[in-house]
Amino acid sequence: MSDSSDAPFPVYPFPQPLVETRSIGSVTVHAIQAGGQQLDGGAMFGVVPKTLWSRRLPADDKNRIAMGMRCLLIEHPHGLVLIDTGSGNKETPKFHDIYGIENRGRDGRTALEDGIRQAGHTPEDVSLVINTHLHFDHAGGNTWRTPTGEVHAAFPNARYLVQQGEFEYAMRPNERTMASYFPPNWAPIMAADRFDLVSGAAEVLPGLSVLPTPGHTPHHQSVLLRSGGETLCFLGDVVPTAHHLPLPWIMGYDVEPLVTLESKRTLLANALREEWVVVFEHDAQVGFGRVAHDGKAYRLADSQGG
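This one's a predicted model, so the numbers in the text were calculated from it and none came from an experiment.

Caption draft 1: Molecular detail of the overall build of the protein chain. Secondary structure summary: the protein chain contains eight helices and 17 strands in total. Against the 2.2 N^0.38 benchmark of 19 Å for 306 residues, the protein chain shows a C-alpha radius of gyration of 18 Å, consistent with a compact globule. In terms of overall dimensions, the protein chain has a C-alpha envelope of 55 × 45 × 40 Å along the principal axes. The buried share of the protein chain, taken over its 306 residues, is 56%. Long-range contacts, defined as pairs at least 24 residues apart, comprise 65% of the intrachain contacts of the protein chain with a sequence gap of at least 6. The distance from the centre of the 25 positive side-chain charges to the centre of the 35 negative ones in the protein chain is 4 Å.

Caption draft 2: Region of interest: the side chain of histidine 135. Among the structural elements, histidine 135 can be located in the loop between strand S5 (126-130) and helix H5 (136-139). Here histidine 135 falls in the buried class, since its relative accessible area comes to 11%. Within the structure, the side chain of histidine 135 is placed 3.4 Å from the side chain of histidine 133, a separation counted as a polar contact. The residues touching histidine 135, leaving out its near neighbours within four places in the chain, are Gly140, Ser180, Tyr181, His216 and Thr217.

Caption draft 3: Molecular detail of the environment of valine 286. Looking at where valine 286 falls in the secondary structure, it is placed in the loop between strand S14 (277-279) and strand S15 (288-289). With a relative accessible area of 10%, valine 286 lands in the buried category. The spatial distance from the C-alpha of valine 286 to the C-alpha of glutamine 16 is 10.0 Å, given a sequence separation of 270 residues.

Caption draft 4: Here's a closer look at the sheet that holds strand S3 (residues 64-76). Strand order in the open sheet formed by seven strands is S1-S2-S3-S4-S5-S8-S9, and the pairing between neighbours is mixed. Because the sheet does not close on itself, it has two edges, and the strands there are strand S1 (19-24) and strand S9 (195-198). For this sheet, the mean angle separating the axes of adjacent strands, direction not counted, is 25 degrees. Of the strand pairs in this sheet, strand S4 (residues 79-83) and S5 are connected by four bridges, and their pairing is parallel. Looking across to S5, one finds that isoleucine 83 is bridged to isoleucine 130. Packing of helix H4 (residues 111-118) onto the sheet brings it into contact with S1, strand S2 (27-40), S3 and S4, and relative to S2 it is tilted by some 160 degrees. Taken strand by strand, helix H6 (residues 164-171) contacts strand S8 (159-163) and S9, and its axis lies near 85 degrees from that of S8.

Caption draft 5: Examining the pattern of salt bridges more closely. Considering all chains together, one arrives at seven salt bridges under this definition. Of the charged contacts, one joins aspartate 196 and arginine 159 as a salt bridge, the two residues approaching to 2.8 Å between their closest N and O atoms. With aspartate 196 in strand S9 and arginine 159 in strand S8, this residue pair connects regions lying 37 residues apart in the sequence. Take aspartate 196: its relative accessible area is 27%, and that puts it in the partly exposed class. A relative accessible area of 32% places arginine 159 in the partly exposed class.

Caption draft 6: Focus on H4. Counting buried positions over the eight residues of H4 gives seven, a clear majority of the element. Burial in H4 covers these residues: Ala111, Leu112, Glu113, Asp114, Gly115, Ile116 and Gln118. Against the buried residues of H4 lie S1, S2, S3 and S4. Residue glycine 120 follows H4 closely and has a positive phi angle near 100 degrees.

Caption draft 7: Structural context of the environment of isoleucine 250. Mapped onto the elements of the fold, isoleucine 250 is located in the loop between strand S13 (230-234) and helix H8 (257-274). By relative accessible area, isoleucine 250 is classed as buried at 11%. Between the C-alpha atoms of isoleucine 250 and valine 48, which are 202 residues apart in sequence, the distance is 8.0 Å. Excluding its chain neighbours within four sequence positions, the residues that come into contact with isoleucine 250 are Met44, Phe45, Gly46, Pro257, Thr260, Leu261 and Lys264.

Caption draft 8: Summary view of the packing of aromatic side chains. Within this structure, the stated rule accounts for 13 aromatic pairs. Measuring from ring centre to ring centre gives 4.9 Å for phenylalanine 95 and phenylalanine 136, while their planes differ by 75 degrees; the resulting arrangement is edge-to-face. With a gap of 41 residues between them, phenylalanine 95 in helix H3 (residues 93-98) and phenylalanine 136 in helix H5 connect regions that are remote in the sequence. Taken as a pair, phenylalanine 95 and phenylalanine 136 share a single burial class, namely buried. Between phenylalanine 167 and phenylalanine 195, the aromatic rings sit 6.4 Å apart at their centres with planes inclined by 45 degrees, giving tilted as the arrangement. Note that phenylalanine 167 is positioned in helix H6 and phenylalanine 195 in strand S9, a separation of 28 residues in sequence. Both residues of the pair, phenylalanine 167 and phenylalanine 195, belong to the buried class. An aromatic cluster is defined as three or more aromatic residues linked by ring pairs; in this entry it consists of Tyr160, Phe167, Tyr169, Tyr181, Trp186 and Phe195. Above the face of the tryptophan 249 ring, arginine 56 is positioned so that its terminal group lies 4.3 Å from the ring centre.

Cut-offs applied
Residues numbered from 1 in each chain as written. Predicted model: local features only at pLDDT ≥ 70, side-chain atom pairs only at ≥ 80, totals over all residues. Heavy atoms only, no water. Helix = DSSP H or I, 4+ residues; strand = E, 2+ residues; numbered from the N terminus. Rg over C-alpha atoms; globule rule 2.2 N^0.38 Å. Buried < 20%, exposed > 50% of the residue type's maximum accessible area, 1.4 Å probe, protein only. Contact = heavy atoms within 4.5 Å. Lys, Arg positive; Asp, Glu negative; His and termini not counted. Charge placed at Lys NZ, Arg CZ, Asp CG, Glu CD. Polar contact = N/O pair within 3.5 Å; in protein donor to acceptor, adjacent residues only side chain to side chain. Pairing = 2+ DSSP bridges. Axes fitted to C-alpha atoms, helices over the stretch in contact; angles between N-to-C directions. Salt bridge = Lys/Arg side-chain N within 4 Å of Asp/Glu carboxyl O. Phe/Tyr/Trp six-rings, centres within 6.5 Å; stacked < 30°, edge-to-face > 60°. Lys NZ or Arg CZ within 6 Å of the ring centre and 35° of its normal.

Shown next as structure tokens:
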């Protein structure tokens, strides 16, 4: 396992390192911190009392907890793959203040593009973007706003992929979900006929599969990479941080929390049995980890996936 975060890039005001690199079998992957968020701790832990969650993750004086927006860049033999894209550069300073977003990068872009370059690539090198779902903090970086105001695909040579049900759900938001789904994050890509919609579990490249893990949204998906007898799972929002490993620790943001419970039950049982490496998208501290069970609840293994 190597860490390229000491490359000559600026110091960013959000969780570090910018890039963490490791191998899964013969495949190199880079976890890229696409920025930071600060969200209400009560919303992040749902019905779990603050007296419990705050022991693990203390809140600030506004009841907010520090979070990351980690994406995964995979050096797949069939092309460079990016999983999720952070929140992008299109929203207003007021919006960033509400959600505590810090993600500014070089040249008007975001930390995600900086991280891709630190990993030795460019946005133009990405051939496939997979979205776990289309919420703004996972798909906002699909597109970018130029200095003159146009919105274009952030990865001009890539195709994009999401569950068909998720796309349809995003296109019909209700009063509760409309605050998370913003058409500029996908409309230019659909207009260019570069969004691929899949239904259910699918192998999208050899050894790289999408797996429905509904609950956070009805058609949320996680991503599995298998190589050389090892498996990595990019969890997305089914288990957003290592602190959400216990089965009932589920976000208040989830539209179907009891469905999330069953998704977690199946997913974490497989991760434990098969010793998967897992990636926590929103954890400010832990990028890669493995799952353990102490007889009562799932937890982060002591080795953290080492």
